[in-house]
Amino acid sequence: MSSSGAPSHKALSKIACKRLQKELVEWQMNPPTGFKHKVTDNLQRWIIEAIGAPGTLYANETYQLQVDFPEHYPMESPQVIFLPPAPLHPHIYSNGHICLDILYDSWSPAMTVSSICISILSMLSSSTEKQRPTDNDRYVKNCKNGRSPKETRWWFHDDKV
């Protein structure tokens, strides 16, 4: 297993497949600004290219998100991580894990991949400095052996970045 976290590999439910096919069609017709879906034949794992917004610390920088969908999506949130190299940001760990409440405690089945991407871009865009979270080294060390970010008990206390 890799340190990016291995989601369960149960097949998607019929509801999840229909929902993801609908989201994919909507994405192809109207992709969120600053994102490109890398087409593969795997509906359960999306690779998305994210481009930093103009006028921000991340302007024109390109990163890749990996989105893994669970069997019961959208009732359960997807696992979303940055593939290496992850951007330097106070809420993004060097292993690509993202501390963002909508990916965990504040998830709603009404959210979509597009809304997740917009939230991540907003988080990047509002940052005033490029740095790792203060507990990066300890957290990453504790994530060895493929622990998923969804297994972390996040503490959401800083909404400034």
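The name an unreviewed UniProt entry gives the protein is E2 ubiquitin-conjugating enzyme, with Raphanus sativus as the organism. Of the protein, the UniProt comment under Function (unreviewed entry) reads exactly: "Accepts the ubiquitin from the E1 complex and catalyzes its covalent attachment to other proteins." Taken verbatim from the UniProt record of the protein, the Sequence similarities (unreviewed entry) comment is "Belongs to the ubiquitin-conjugating enzyme family."

It is worth spelling out the overall build of the protein at this point. Along the backbone of the protein there are three helices and four strands. Scanning the protein from its N terminus toward the C terminus, one meets helices and strands in the order α-β-β-β-β-α-α. Expressed as a percentage of the 161 residues in the protein, the buried residues total 48%. Sequence-distant contacts in the protein: of pairs separated by 6 or more residues, those separated by 24 or more amount to 63%. For the protein, the accessible area works out to roughly 8,900 Å², and carbon and sulfur atoms hold 53% of it.

Turning next to the pairing of strand β3 (residues 62-68). Burial of β3 is extensive: five of the seven residues sit out of reach of the surface. For strand β2 (residues 45-51) and β3, the ladder comprises seven bridges, and the chain directions are antiparallel. When the sheet's bridge partners are listed, Arg45 is paired in β3 with Asp68. The pairing of β3 with strand β4 (residues 79-82) spans four bridges and is classified as antiparallel. By the bridge assignment, Gln66 is partnered in β4 with Ile81.

Within the largest apolar cluster, 35 residues are counted, with the highest numbers of intra-cluster contacts made by Trp46, Ile48, Leu65, Phe82 and Ile98. Listing elements by their share of this core, those giving two or more residues are α1 (14-29), β2, β3, β4 and α2 (113-125). Looking at which element gives the most residues to this core, the answer is α2, with seven residues. One finds Tyr93, Cys99, Tyr139 and Cys143 within the second-largest nonpolar core, a separate group that totals five residues.

The amide bond that connects Tyr73 to the next residue, Pro74, takes the cis arrangement and shows omega of 5 degrees. Residue Pro85 follows Pro84 across a cis peptide bond; omega there is -5 degrees. By the element assignment, Pro85 lies in the loop between β4 and α2. We note that Asn60 has phi near 65 degrees; this positive angle belongs to a residue other than glycine. Checked against the element boundaries, Asn60 lands in the loop between β2 and β3.

So, about the UniProt feature "active site" (unreviewed entry) in the protein. When the UniProt feature table is mapped onto this chain, "active site" (unreviewed entry) is found at Cys99. Relative to the elements of secondary structure, Cys99 occurs in the loop between β4 and α2.

Spatially, four strands are ordered β1-β2-β3-β4 in an open sheet, and the strand pairing comes out antiparallel. The open sheet has two edge strands, β1 (35-38) and β4, and neither has a second partner. On average, adjacent strands in this sheet sit at an angle of 25 degrees to one another, irrespective of strand direction. Strand direction decides the pairing type here: β1 and β2, joined by four bridges, are antiparallel. Looking at the pairing, Lys38 lines up with Ile47 of β2.

Rules and cut-offs
- Residues numbered from 1 in each chain as written.
- Predicted model: local features only at pLDDT ≥ 70, side-chain atom pairs only at ≥ 80, totals over all residues.
- Heavy atoms only, no water.
- UniProt positions renumbered as here; feature names shortened; annotations may be inferred.
- Helix = DSSP H or I, 4+ residues; strand = E, 2+ residues; numbered from the N terminus.
- Buried < 20%, exposed > 50% of the residue type's maximum accessible area, 1.4 Å probe, protein only.
- Contact = heavy atoms within 4.5 Å.
- Areas by Shrake-Rupley, 256 points an atom, 1.4 Å probe, with all protein chains shown as cover.
- Pairing = 2+ DSSP bridges.
- Core = buried A, V, L, I, M, F, W, Y, C linked by side-chain atoms within 4.5 Å.
- Axes fitted to C-alpha atoms, helices over the stretch in contact; angles between N-to-C directions.

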